[in-house]
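# Report on the structure
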Amino acid sequence: MGSGGACGGTMRWGLPLGGATLLLLLLQAAAAQAAPGSACSQSTNKTCQECLKNVSCLWCNTDNTCVDYPVTKILPPASLCKLSSARWGVCWVNFEALIIAMSVVGGLILLAITTCCCYCCYCRKKKSRKPDKSEEKAIREQEERRIRQEERRAEMKSRHDEIRKKYGLFKEENPYARFEN
């Protein structure tokens with residue numbers, strides 16, 4: 001929401017790059033599955049289903065043509081067929097909708113990964129702060145115990161001194177002071 005740092009740049013380019021990457025992977029898989037002797041032009045003026053039985057073919061709805069998919073390019077050029085009327089893979093989804101759907105799915109995956117990373121970093125910071133608070137509490141409790149122990153020690157010493165005075169066992173500061181009297 002701020003100045004568009006590293007995270008903003010990732011999200012801006014994440015949708016198109018994710019969709020393009022997914023499309024490229026699908027195209028490579030389709031090119032690998034294509035039957036080598038089957039020409040797409042034989043299915044021209046037939047149905048879309050017959051054309052798309054061969055995964056290397058592209059169906060154009062505007063003029064009912066079946067053409068070889070241009071595998072050297074990611075998207076078919078507009079001179080071949082408009083994206084809104086091009087069909088590849090299935091007949092009920094046009095190429096434009098397929099690209100948008102894959103971009104949205106790719107964006108959601110990137111968003112989920114980013115959210116998970118941010119959540120994990122937040123939890124790690126929270127965990128690293130907890131020992132600090134508990135250490136401070138332990139230090140505070142230890143200091144309180146030490147102060148109480150010193151108070152008890154001073155109280156015991158004063159009681160012992162009173163008992164020594166009562167029975168004449170109190171040690172004077174100067175042991176030779178008795179001899180001077």
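Because the structure is a prediction, the values reported are computed rather than measured.

With that settled, the discussion passes to the overall build of the protein chain. Looking only at helices and strands, the protein chain features four helices and three strands. The N-to-C order of helical and strand elements in the protein chain reads α-α-β-β-β-α-α. Residues counted as buried form 19% of the 181 residues belonging to the protein chain. Within the protein chain, contacts between residues at least 6 apart in sequence are counted, and of these 41% link residues at least 24 apart. As presented, the protein chain carries roughly 14,100 Å² of accessible surface, and 60% of it is formed by carbon and sulfur atoms.

With that settled, consider the packing of aromatic side chains. Counted under the stated rule, the structure contains three aromatic pairs. Between Tyr69 and Trp88 the ring centres are 5.7 Å apart and the planes differ by 40°, which places this aromatic pair in the tilted class. In this pair, Tyr69 sits in the loop between strand S2 (65-68) and strand S3 (86-87) while Trp88 sits in the loop between S3 and helix H3 (95-166), placing the two residues 19 residues apart along the sequence. Judged by relative accessible area, Trp88 falls into the buried class, the value being 9%. For the pair Trp88 and Phe95, a centre-to-centre distance of 6.4 Å together with 50° between the ring planes defines the contact as tilted. A relative accessible area of 0% places Phe95 in the buried class. Here the aromatic residues Tyr69, Trp88 and Phe95 are joined through ring pairs into a cluster of three or more.

What counts and what doesn't
- Residues numbered from 1 in each chain as written.
- Predicted model: local features only at pLDDT ≥ 70, side-chain atom pairs only at ≥ 80, totals over all residues.
- Heavy atoms only, no water.
- Helix = DSSP H or I, 4+ residues; strand = E, 2+ residues; numbered from the N terminus.
- Buried < 20%, exposed > 50% of the residue type's maximum accessible area, 1.4 Å probe, protein only.
- Contact = heavy atoms within 4.5 Å.
- Areas by Shrake-Rupley, 256 points an atom, 1.4 Å probe, with all protein chains shown as cover.
- Phe/Tyr/Trp six-rings, centres within 6.5 Å; stacked < 30°, edge-to-face > 60°.

All we've got here are geometric facts, nothing functional implied.
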